[in-house]
Amino acid sequence: MNYMKQFMISFSGLSLGKHDYEFEIGDAFFESLEFSEIRKGNVHVDMTLEKTTVMLLLNFSIKGEVTVTCDRCADEFEMPVSGENRLIVKFGSVPMEETEDIIVIPEGEHEIDVSQFIYEYIILALPLQRIHPDDEEGNSLCDPEVLKKLEEISVRQQSEETDPRWDALKGLNDN
């Protein structure tokens, strides 16, 4: 069975009202996405689909951990993710995305693939800057060798002589 098939939600046979779904997102999910920046993770997704006569309301609750690359030392580490997201699915003649929370699908459709939305919500739950957290004593958990190299580069850049032409231009900001 195709792993991603579970994310195809058939709504045509559902009665009006709320329907609950649960998904366990693991490594296979991230590996099956072609351009995923995450390759490993363990995320639990609760999704409630509310079917009305004119639209679908999908509420996603995401909680778990994903493996990301540290922006400082380039080492991988586990980062917690959690979030609540809502998607409104309207029916229309032309498929389109009205806003980031509202999409329009053709009236003849009978199912929706929620895998891309789940992936996007996981990515949106991550901070822009992904850096190892500090330990209980306030020390970085980044690779100590990389931190040492970064410090050496910083000290070297600060101690290098500057070009006097640039120094003259820096004075223009003071006026």
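Placed above this text is the structure.
Predicted model only: the values in this text are computed from it and were never measured.

Asks: Can you help me understand the overall build of the protein chain in this one?
Replies: Looking only at helices and strands, the protein chain features 4 helices and 8 strands. Counting helices and strands in the order they occur from the N terminus, the protein chain gives β-β-α-β-β-β-β-β-β-α-α-α. Taken over the C-alpha trace, the protein chain has a radius of gyration of 24 Å; the compact-globule value for 175 residues is 16 Å, which it surpasses by more than 25%. Its C-alpha atoms give the protein chain principal-axis dimensions of about 75 × 40 × 30 Å.

Asks: Which parts of the structure should I look at to understand the nonpolar core?
Replies: Within soluble globular proteins, side chains that are nonpolar tend to cluster in buried spots. Counting 40 residues, the largest nonpolar core has Ile25, Phe60, Val114 and Ile118 as the members making the most contacts within it. Counting residues per element, the ones that place at least two in this core are β2 (17-25), α1 (27-32), β3 (40-51), β4 (55-69), β5 (76-92), β7 (102-106) and α2 (115-125). Here Ile25 is in contact with Tyr3, Phe7, Phe30, Gly41, Asn42, Val43, Val45, Ile118 and Ile122, once residues within four sequence places are set aside.

Asks: Where do I start with the packing of aromatic side chains in this structure?
Replies: Working definition: an aromatic ring pair is given by the centre-to-centre distance plus the angle between the planes. Evaluated as defined, the whole model comprises 6 aromatic pairs. An angle of 85° between the planes, with centres 5.3 Å apart, marks the rings of Phe29 and Phe30 as edge-to-face. Summarising the burial analysis for this pair, Phe29 and Phe30 share the class buried. Their ring planes at 55° and their centres at 5.1 Å tell us that Phe60 and Tyr121 sit as a pair that is tilted.

Asks: When you look at unusual backbone geometry in this model, what are you seeing that I'm missing?
Replies: A negative phi angle is the norm for most residues apart from glycine, just as the trans form is the norm for most peptide bonds. Despite not being glycine, Ala74 has its phi angle at roughly 65°, a positive value. Structurally, Ala74 is set in the loop between β4 and β5.

Asks: Explanation requested: the sheet that holds β2 in the structure shown.
Replies: Backbone-to-backbone hydrogen bonds join strands into a sheet, with any given pair of strands oriented parallel or antiparallel. Pairing in this open sheet of 6 strands is mixed, and the strands run β2-β3-β4-β5-β7-β6 from one edge to the other. Strands with a single pairing partner mark the edges of an open sheet, and in this sheet they are β2 and β6 (96-97). Note that β5 and β7 share 5 bridges and pair parallel. Across the sheet, the residue bridging to Lys90 is Val104, located in β7.

Asks: What is the right way to look at the environment of Phe7 in this model?
Replies: Mapping Phe7 onto the fold places it in the segment before β1 (8-10). Using a relative accessible area of 0% as the deciding quantity, one classes Phe7 as buried. Excluding anything up to four places from it in sequence, Phe7 contacts Phe23, Ile25, Phe29, Ile112, Asp113, Val114, Ser115 and Ile118.

Asks: What is the right way to look at the side chain of Thr67 in this model?
Replies: Mapped onto the elements of the fold, Thr67 is located in strand β4. Overall, Thr67 belongs to the buried group, its relative accessible area being 11%. In this structure the side chain of Thr67 is engaged in a polar contact, spanning 2.6 Å, whose partner is the side chain of Glu78. What Thr67 contacts, discounting residues up to four positions off in sequence, is Ile38, Lys40, Gly41, Glu76, Phe77 and Glu78.

Asks: Explanation requested: a nonpolar patch on the surface in the structure shown.
Replies: A cluster of nonpolar side chains, Trp166, Leu169 and Leu172, forms an exposed patch at the surface whose accessible area comes to about 350 Å². Tracing the backbone shows Trp166 in helix α4 (residues 164-170). With relative accessibility at 55%, the residue Trp166 sits in the exposed group.

What counts, and at which threshold
- Residues numbered from 1 in each chain as written.
- Predicted model: local features only at pLDDT ≥ 70, side-chain atom pairs only at ≥ 80, totals over all residues.
- Heavy atoms only, no water.
- Helix = DSSP H or I, 4+ residues; strand = E, 2+ residues; numbered from the N terminus.
- Rg over C-alpha atoms; globule rule 2.2 N^0.38 Å.
- Core = buried A, V, L, I, M, F, W, Y, C linked by side-chain atoms within 4.5 Å.
- Buried < 20%, exposed > 50% of the residue type's maximum accessible area, 1.4 Å probe, protein only.
- Contact = heavy atoms within 4.5 Å.
- Phe/Tyr/Trp six-rings, centres within 6.5 Å; stacked < 30°, edge-to-face > 60°.
- Pairing = 2+ DSSP bridges.
- Polar contact = N/O pair within 3.5 Å; in protein donor to acceptor, adjacent residues only side chain to side chain.
- Patch = residues over 30% accessible without salt bridge, like charges linked within 9 Å, V, L, I, M, F, W, Y side chains within 5 Å.
- Areas by Shrake-Rupley, 256 points an atom, 1.4 Å probe, with all protein chains shown as cover.
- Salt bridge = Lys/Arg side-chain N within 4 Å of Asp/Glu carboxyl O.

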